[in-house]
Amino acid sequence: MFKVPTLLGSDPTLKNPKTKTMAKFSIAIVFTSISLLIALTHSFSIEKPTDRRILVLLDDLALKSSHSIFFNSLQARGFELDFKLSDDPKIALQRYGQHLYDGLVLFTPTTERFGGSLDVAAILDFVDSGKDLIVAADASASDLIRNIAAECGVDFDEDPSAVVIDHGSYAVSGSEGDHTLIAADDFIQSDVLLGSTIIKAPVLFKGIGHSLNPANSLVLKVLSASPSAYSANPKSKLSTPPSLTGSSISLVSVVQARNNARVVFSGSLDLFSNKFFKSPVQKAGSSNKYAKSGNEQFVTELSKWVFHERGHLKAVNVRHHRVGETDEPAIYRINDDLQYSVEIYEWSGSSWEPYIANDVQIQFYMMSPYVLKTMSTNKKGLYHASFKVPDVYGVFQFKVEYQRLGYTSLSLAKQIPVRPFRHNEYERFIPTAFPYYGASFSTMAAFFIFSFVYLYSK
Amino acid sequence: MAVPVDHLTKQTPASSTLRLAFGNVLAFFILLLIGVLAFSIRLFSVIKYESVIHEFDPYFNYRVTQFLTKNGIYDFWNWFDDRTWYPLGRVIGGTVYPGLTLTAGTIWKVLQSFNIPLSVETVCVFTAPVFSAFAAWATYLLTKEVKGTGAGLTAAVLLAMVPSYISRSVAGSYDNEAVAIFALIFTFYLYVKTLNTGSLFYATLNSISYFYMVCSWGGYTFIINLIPMHVLLCIVTGRYSSRLYIAYAPLVVLGTLLAALVPVVGFNAVMTSEHFASFLVFIVIHVVALAYYIKGILSPKMFKVAATLVVSVGLVICCAVVAVLVAVVASSPTKGWSGRSLSLLDPTYASKYIPIIASVSEHQPPTWPSYFMDLNVLAFLVPAGIIACFAPLSDASSFVILYLVMSVYFSGVMVRLMLVLAPAACIMSGIALSEAFDVLTRSIKFYISNLSESLQIDAGDSVPANNVSPQNEVLKNEKKEDTLKERPSRKNKKKEKENIEKPSVKSKTEKRPLVLPVEASFFALFLTVLLGGFYVVHSVWAAAEAYSAPSIVLTSHSHDGLHVFDDFREAYAWLSHNTEVDDKVASWWDYGYQTTAMANRTVIVDNNTWNNTHIATVGTAMSSPEKAAWEIFNSLDVKYVLVVFGGLVGYPSDDINKFLWMVRIGGGVFPHIKEPDYLRDGQYRIDSQATPTMLNSLMYKLSYFRFVETDGGKGYDRVRRTEIGKKHFKLTHFEEVFTTHHWMVRIYKLKPQRNRIRGKAKKSKSAKNQNPEIGHSLSKRSTGSWLTESGWSYGFG
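Source: prediction; values computed, not measured. (Residues numbered from 1 in each chain as written. Chains lettered and ligands numbered in written order. Predicted model: local features only at pLDDT ≥ 70, side-chain atom pairs only at ≥ 80, totals over all residues.)

### Comments concerning the overall build of chain B
Working step 1: Within chain B, the regular secondary structure consists of 34 helices and 12 strands.
Working step 2: Taken across its 797 residues, chain B has 43% of its residues classed as buried.
Working step 3: Restricting to contacts in chain B with at least 6 residues of sequence separation, those with at least 24 account for 73%. (Helix = DSSP H or I, 4+ residues; strand = E, 2+ residues; numbered from the N terminus. Buried ≥ 20, exposed ≤ 12 C-beta atoms within 10 Å, placed from the backbone. Contact = placed C-beta atoms within 7 Å.)

### A few points about the overall build of chain A
Working step 1: In terms of helices and strands, chain A carries nine helices and 29 strands.
Working step 2: Taken over 458 residues, chain A has a buried fraction of 38%.
Working step 3: For chain A, contacts bridging at least 24 residues in sequence account for 70% of all contacts bridging at least 6.

### Quick look at the nonpolar core
Working step 1: Membership of the largest hydrophobic core comes to 223 residues, with the highest contact counts inside it found for Ala136(B), Ala156(B), Leu159(B), Val162(B), Ile185(B), Met213(B) and Val641(B).
Working step 2: Excluding residues within four positions of it along the chain, Val641(B) makes contact with Ala586(B), Ser587(B), Phe633(B), Leu702(B), Phe734(B) and Tyr748(B).
Working step 3: Counting residues in hydrophobic clusters, the runner-up holds 84 residues, among them Ala150(A), Ala171(A), Val263(A) and Leu302(A). (Core = buried A, V, L, I, M, F, W, Y, C linked by C-beta atoms within 7 Å.)

### Here we look at unusual backbone geometry
Residues and elements named next belong to chain B.
Working step 1: With an omega of -5 degrees, the peptide bond running from Tyr86 to Pro87 counts as cis.
Working step 2: Topologically, Pro87 is positioned in the loop between β1 (80–81) and β2 (90–91).
Working step 3: The peptide bond linking Ala391 to Pro392 adopts the cis configuration, its omega dihedral lying at -5 degrees.
Working step 4: Relative to the elements of secondary structure, Pro392 occurs in the loop between α20 (378–390) and α21 (395–413).
Working step 5: Not every positive phi belongs to a glycine, and Asp681 is a case in point at roughly 50 degrees.
Working step 6: Inspection of the secondary structure assignment puts Asp681 in the loop between α30 (655–669) and α31 (692–696).
Working step 7: Classification of Asp681 as exposed rests on a count of 8 C-beta atoms within 10 Å.

### Some details on the confidence of the model for chain A
Working step 1: Across chain A, the average pLDDT comes to 84, with 88% of residues at or above 70.
Working step 2: Segment residues 36–43 of chain A is flagged for pLDDT under 50; beyond a separation of four residues in sequence, or across chains, it makes seven contacts in the model. (pLDDT = per-residue confidence, 0-100.)

### A look at the pairing of strand β25 (residues 368–374) of chain A
Within a regular beta strand, the side chains point alternately toward one face of the sheet and then the other, so they alternate between its two faces.
Residues and elements named next belong to chain A.
Working step 1: For strand β24 (residues 361–366) and β25, the ladder comprises six bridges, and the chain directions are antiparallel. Residue pairing for β25: Phe364 is matched across the bridge by Val371.
Working step 2: In this antiparallel pair of consecutive strands, β24 and β25, the connection spans one residue, and Met367 shows a positive phi of 70 degrees. (Pairing = 2+ DSSP bridges.)

### Observations concerning the UniProt feature "domain: OST48 middle" (unreviewed entry) in chain A
Working step 1: On the UniProt side, "domain: OST48 middle" (unreviewed entry) is annotated at positions that read residues 320–458 of chain A here.
Working step 2: Annotation note: span residues 320–458 of chain A, helix share 17%, strand share 43%, distance between end C-alpha atoms 72 Å. (UniProt positions renumbered as here; feature names shortened; annotations may be inferred.)

### A few points about the domain arrangement of chain A
Working step 1: Splitting chain A by domain gives domain 1 (43–306), domain 2 (312–419) and domain 3 (427–458).
Working step 2: Taken over C-alpha atoms, the centre of domain 1 of chain A sits 89 Å from the centre of domain 3 of chain A. (Domains from an automatic or database assignment.)

### Brief notes about the sheet that holds strand β21 (residues 332–333) of chain A
Residue and element names in this part refer to chain A.
Working step 1: Pairing within the open sheet is mixed, and its five strands lie in the order β21-β29-β28-β24-β25. Because the sheet does not close on itself, it has two edges, and the strands there are β21 and β25.
Working step 2: Pairing between strand β28 (residues 394–402) and strand β29 (residues 410–419): nine bridges, direction antiparallel. Among the inter-strand pairings, Tyr402 is bridged to a residue of β29, identified as Leu410.

### Regarding the UniProt feature "transmembrane region" (unreviewed entry) in chain A
Working step 1: Mapped onto this structure's residue numbering, the UniProt feature "transmembrane region" (unreviewed entry) falls at residues 25–44 and 434–456 of chain A.
Working step 2: The span residues 434–456 of chain A shows a helical share of 100% and a strand share of 0%, and its end C-alpha atoms are spaced 33 Å apart.

### Quick word on the pairing of strand β10 (residues 734–739) of chain B
Residues and elements named next belong to chain B.
Working step 1: As paired elements, β10 and strand β11 (residues 745–750) share five bridges and run antiparallel to each other. Each bridged residue has a counterpart across the sheet, and for Phe738 the counterpart in β11 is Ile747.
Working step 2: The loop that links β10 with its antiparallel partner β11 comprises five residues; one of these, Trp743, has a positive phi angle of about 65 degrees.

### A look at the packing of helix α11 (residues 220–236) of chain B against α21(B)
Residue and element names in this part refer to chain B.
Working step 1: Packing of α11 against α21 leaves a shortest axis separation of 10 Å and a crossing angle of 130 degrees. With respect to each other, α11 and α21 are oriented oblique. As α11 runs across α21, the sense of the crossing is right-handed. Facing α11, whose interface residues are Leu226, Met229, His230, Leu233 and Cys234, α21 presents Asp395, Ser398, Phe399, Leu402, Tyr403 and Met406.
Working step 2: Looking at the contact of α11 with α21, its residues break down into eight nonpolar, two polar and one charged. (Axes fitted to C-alpha atoms, helices over the stretch in contact; angles between N-to-C directions. Parallel < 35°, antiparallel > 145°, perpendicular 65-115°, else oblique. Left-handed = near helix turned anticlockwise from the far one by under 90°. Nonpolar A, V, L, I, M, F, W, Y, C, P; charged D, E, K, R; others polar.)

### Some points on helix α9 (residues 176–197) of chain B
Side chains three or four residues apart in an α-helix point the same way, a direct result of the helix having 3.6 residues per turn.
Residues and elements named next belong to chain B.
Working step 1: Given a rise of 1.5 Å per residue, 22 residues ought to cover 32 Å, and the 31 Å separating the end C-alpha atoms of α9 matches this to within 8%.
Working step 2: Burial of α9 is extensive: 21 of the 22 residues sit out of reach of the surface.
Working step 3: Gly198, located one to two residues past α9, shows a positive phi value of around 70 degrees. (Expected span 1.5 Å × (residues − 1).)

### Considering helix α27 (residues 592–599) of chain B
All names here are of chain B.
Working step 1: Most of α27 is tucked away, with eight of its eight residues classed as buried.
Working step 2: Taken as a whole, α27 has its buried residues at Gly592, Tyr593, Gln594, Thr595, Thr596, Ala597, Met598 and Ala599.
Working step 3: Looking at the buried positions of α27, the neighbouring elements they touch are α3 (57–77), α26 (567–578), β5 (584–586) and β6 (602–603).
Working step 4: Within two residues after α27, Asn600 carries a phi angle of roughly 55 degrees, on the positive side.

### A short note on the packing of helix α28 (residues 612–623) of chain B against α30(B)
Residue and element names in this part refer to chain B.
Working step 1: Taken N-terminus to C-terminus, the directions of α28 and α30 make an angle of 120 degrees; their axes are 7 Å apart at the nearest point. On the basis of their axis angle, the class for α28 and α30 is oblique. The element α28 and its partner α30 pack so that their crossing is left-handed. Residue-level inspection shows Asn612, Thr613, Ile615, Ala616, Gly619, Thr620, Met622 and Ser623 of α28 in contact with α30, the latter providing Met662, Val663, Ile665, Gly666, Gly668 and Val669.
Working step 2: For the contact of α28 with α30, a count of residues per class yields seven nonpolar, seven polar and no charged.

### Observations concerning the sheet that holds β6(B)
Across a sheet, paired strands are connected by hydrogen bonds in the backbone, their directions being either parallel or antiparallel.
Residues and elements named next belong to chain B.
Working step 1: Taken in spatial order, the five strands line up as β6-β5-β7-β11-β10 in an open sheet, and their pairing is mixed. Lying at the two open borders of the sheet, with one neighbouring strand each, are β6 and β10.
Working step 2: Pairing analysis gives two bridges linking β5 to β6, with the strands arranged parallel. Across the sheet, residue Val585 finds its bridge partner in β6, namely Val603.
Working step 3: Of the strands in this sheet, β5, β7 (638–644), β10 and β11 are in contact with α26, which crosses β11 at around 25 degrees.

### Here's the deal with the environment of Trp589(B)
All names here are of chain B.
Working step 1: Structurally, Trp589 is set in the loop between β5 and α27.
Working step 2: Overall, the presence of 24 C-beta atoms within 10 Å leaves Trp589 in the buried class.
Working step 3: Each C-alpha atom, one on Trp589 and one on Met662, is 9.8 Å from the other, the two residues being 73 residues apart in sequence.
Working step 4: Non-local contacts of Trp589, meaning those with residues more than four positions away in its chain, are made with Val605, Asp606, Asn607, Thr609 and Ile615.

### Things to note about the confidence of the model for chain B
All names here are of chain B.
Working step 1: Here chain B shows a mean pLDDT of 82. Residues at 70 or above account for 84%.
Working step 2: Averaged pLDDT values over the elements of chain B bottom out at 27 in strand β12 (residues 793–794) and peak at 95 in helix α10 (residues 200–216).
Working step 3: A low-confidence stretch, residues 1–10 (pLDDT under 50), is modelled with 35 contacts involving residues beyond four sequence positions or located in other chains.
Working step 4: Counted against residues more than four places away or in other chains, residues 763–797, with its pLDDT under 50, gives 40 contacts.

### A few points about the environment of Val408(B)
Working step 1: Here Val408(B) shows up in helix α21.
Working step 2: Linking Val408(B) and Phe44(B), residues 364 residues apart in sequence, is a C-alpha distance of 29 Å.

Structure below.
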């Protein structure tokens, strides 16, 4: 009905034709550079969710060699690692609005300030745009690291000198009396996070602990401390009860943000080190002695998860139609029989594999689910259900809300109106009403005969 | 004005026919001019503003008409609209009175078939003025049936420009009332015509006209209650005749059948209390008819015996029927009456029990000045008209009196129903004025003829014709009345007796017509014309100034010229250009129709207030703090929230002034919203004395967000005439996306859920501005030369 003369007319900055062409020109430049960037690098995309380019920030270049096993395993899996010192002035996560990296590894527990344009806001923005992050803290973690963690829902122990001490399940070999080297084996029970092979050997941990808000549904404890652990300064005498105690201490946690960005927080940088990877481990009070700690397996499996090599789902080909038809209607009628199908695939790191589960449910939803049905699957990724549209008209939604531990959340909603019967879709004659039909038609006939007799008799 | 043409003195039969023909031609042209007047007086809105649809409901009707012209009548009938009342939707075809839409659609179709390429909007804009011309003609017909051509013409010209009717039928006011008033008057005309003639043809026409009325407006219940009431009145006063039976019985049978065909009425035509009166009277009239029939065939003595029998049996039946009715009615929760009808009977009902009805300003009782504003001199002429109707009292005039009395009562209950009173007042005033002119001109004529007679006596020619002349006229009148009533009496012999009785009574009373002194006559004539002049001046003023504003575009005059506030259309245009097609926009229900029609976006609630709970949900959200409101809106998939704010320019009917109704309606369904929480010592205020609940409510925040920036830190609200209570605050769950030039419409977007959940550790300093501030760019935007940039162009096709 209304026509606004020009769309750009309402923007005062683009009134001048000269600035307009300038703007167009710069837009063109940006577009070409973006397309070049896309062409030059295998970037993270919806079709290939695995990260490719990873920026590794280090406190000290020595870490590159002391943690080489971890980095090599990443490179062997095809990641391009870009090592930089944390105070390198050229650090930048994005250029021209385009992210340069798909993942970020922060092995910088002591850095108070990053070089270049990187700060807490930039890192959080990186996460909020769907990119992944590994953060390793250590005994003397800086406020910067603590802030990043707090913004993601991970609270490191506020006492800067506190570390996790466990007199119950320390690692025997590294014992120097203060029991800060812990052999932790309280893993999260999840195949998608830690792989299907069970990690037998305990994981060596030496660092600070953190706590999670139980109400926060986005963070998960991957590695918890044992019930006998507590967080305190090992050098000073314990005067007040420690704030973090027992299995509520989390040693390693993961965050999956609402946009499916994944973050790993570890209280120990040494967890990733070659030394811990290779060292034998024996848990105090246990006779089992392992030649190699569980660190390598744990870290490798966790890095597979955090860089989207596992547990990344996609739903495609959402279809719905009436039973016996193939075309998707724009509107359904009440009491229609319909079929809904969706294909769900999981990314394996190199290809999309059918996702097989028996708990994917479809909702036919209008303010509350009118139909809630578990979909059956053909084991090849196709999930389908057929049901009757309820006897209620309104604007419904096909909803699939699939949230499982470790998997990216699937949230599909498709709006579809449901209309009542048309005027000519009702039954023309109802059997129960036959007495009434009979009554009215016989009255009509009787009236006609009566009129005829009255008017023409005699 | 309209001179009673019939009453001109005639000497010979030949010249009298000539005069009659001349009078008819004159009347025809007067009617034509009245039609032109009725049409053109309603064009002020188009001339002063532009050719747009007005207000709120007309936008819905316009949208429905567009759908009808695009998709045809069957799709219209079955239209399920998924863009309103999300997510419930609305079955438009079954919940709308289709009369207006079908009328305009038909007009458009006909024009198209003549290759006249008018747009649907133009047709809609001009439907109301065209139908007010029809209404004026219908008034002429009705009044003519009651009191003759002169009164008819006077009433028609009064109705053509009665302000009450103008307020509802200016060009652009495309609402049901526009055609319904015509249908109402025409139905009454056909009823009176049937009553006068006893013709079954007119009775059938009457039913069809009633059907059109049912199609057009919910006010048809006024007809189906008024006519039975009149029938009952006639029976009680011993005026039962077969004409009455013919006028009533077919209307009930055919009318009810036809009314049930309208989807929105359906079984209501036989199920609800509003219609019961007609059925009750239907039974009564049959009992009476039977009684009269038996009286005709029996001897008086036998009749007495039969009468007692019939009366006792009739009483028993009546009691049984009444008992059944009472039982049926009492079993329904609202006692069978809809809320709006109950508020007609008990004016305090709505404000006590149904805030949603009481919240509408046109459902309030009118004030005394509004009677003067809407009826002007008619208010004084009506009593004279009633007196004129009593001399002599006929079936028709008693009907008009009853119509007037009932409509006066109803207009006192609800200001909207002033519209029903207006035709009655016009008819009464027309009769009064016409009678007054009649008497006054007759006196003058008498004087003139006396004068000429004396001149003739001087000339020596003594013909005593002039004394006779008034009597002649009366005789002629009588004759006319006789011919008028002869036709039915020929059909029904029994009635003849009473017909003869009546004129004889009349002729006795009118044998000596009132003759006033000539000076008084001239003076009175002058005064009457002056009165009429005042009425014309007032009506033109009302049409031009008071009732022509489209309320979608506002203007204000100030010392530096005319200001135009086109904020509503600016906001709706923004919505339609900058949001997704399926986005849902929440606002108070007043703006629902406009949002769907102009912005083409899905709304949660709209002016068709059929679901109180849904409206209460929106009211609760508006009354809740930000977080709770966000949750409510998010559960309804709302993307944008629209509020109307008049504090900057002093536009009084904004959402802050309507806010208490949101609280009341919300609290009616969700008891955690309590009205006293929003009032400080019973007073509604938004200044520093306001309650914390008020200052934290979403409506306050969305209205006054960044308001303090407009006048350098004071935050002075020009509607409430006070400084606002809480000046500096931030929004956490909503973000401002658009504010119109005069801040009259503000649109907010719901922020998405946070991507991460923050830990409980201390807030970091650097994470405070994650959400880019949009205020800056906005204020820059509104300083641009706005009027020149967005000149609206209207498509006519």
